[in-house]
Amino acid sequence: MLAAAALSVTGLGVAAATASHASTYVSGGSASTDAASTSPFGDAKLVSMFDGKTLSGWTTADSKGWVVKNSAIHSTGDARGWIYYNKEQAGSFRWIFDVRQQALVGTPHMPTVLIWGTLNPIRDALSAIQFQPPSPYGWDYRPGENNNGKGKFHEVTNLHLTITKWSQCEILADPATGVAKMACCPLATGATTCAGAKETVIFTDKTAGRVGPIAIQVHNAGIQDEFKGLYLESPVTYKPGQFITS
């Protein structure tokens, strides 16, 4: 893993990026109201995070690192880096997304996402908790940690899903308890939902939960990951604590 390092933000300085979004963030994470939910999951509180055509609503660490391709947020493999949802930060949330690894040149790694991080200051991987969908693995990037969680990640089941094929994953996070858990399932060609997602991993640390950016990370240069079908509910009021993709 890389040592913590300051990173630039596309189109904005670090201070400007933080300030420009500060008015959007609400302690505890409040759901955005500027986009009607069109989710297929029966949760009216879910907000679509991606229009399938542009990166509107997202801020990147590297303008060359992310594009829209195959109607998905696509990492070009230009460099290690992240892209975060800039319409709100979230502490309590339900995040559903489809993910696959479209191509790989160089050192392999699972697709990764980041939660409960910080934009002030901006450090490597946003000082966040990392999940590696659809696998049961993760990493803790908080200052003083930078490790595999040291027992904070509990593997529930390893589905051994093929990462070059689409999977659908759901992360449920509760900062009050410090618990964040993920469930995943294989997504059939042309499908928007999958039946019977299974819990893969639980992260637990009461000191980790906080309002922070929801982000996608490409772990290594050369990796081309894709994400689509992204929906967010924050705070969680619909079936709290329950996966709705199961």
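Look above for the structure.
Residues numbered from 1 in each chain as written. Predicted model: local features only at pLDDT ≥ 70, side-chain atom pairs only at ≥ 80, totals over all residues. Heavy atoms only, no water.

(A) Focus on the environment of R142. You can see R142 is positioned in the loop between β9 (138–140) and β10 (153–155). Residue R142 is classed as buried on the basis of its relative accessible area of 10%. Along the primary structure R142 and R123 are separated by 19 residues, whereas in three dimensions their C-alpha atoms are 9.3 Å apart. Ignoring any residue separated from it by four or fewer positions in sequence, one finds R142 in contact with S127, A128, I129, K152, F203, D205, T207, A208 and R210. Of note is the side chain of R142, whose polar atom sits 3.1 Å from the side chain of T207. (Helix = DSSP H or I, 4+ residues; strand = E, 2+ residues; numbered from the N terminus. Buried < 20%, exposed > 50% of the residue type's maximum accessible area, 1.4 Å probe, protein only. Contact = heavy atoms within 4.5 Å. Polar contact = N/O pair within 3.5 Å; in protein donor to acceptor, adjacent residues only side chain to side chain.)

(B) Broad picture of unusual backbone geometry. In this model, P133 is joined to P134 through a cis peptide bond whose omega is 0°. By the element assignment, P134 lies in the loop between β8 (129–131) and β9. Of the consecutive residues S234 and P235, the connecting peptide bond is found in the cis state with omega at -5°. Of note, P235 is situated in the segment after β15 (223–233). The residue L126 is not glycine, and still its phi comes out positive at about 55°. In this structure L126 comes out as buried when scored by relative accessible area, which is 1%. Of note, the phi angle at K150 is positive, near 45°, even though the residue is not glycine. Structurally, the position occupied by K150 is in the loop between β9 and β10.

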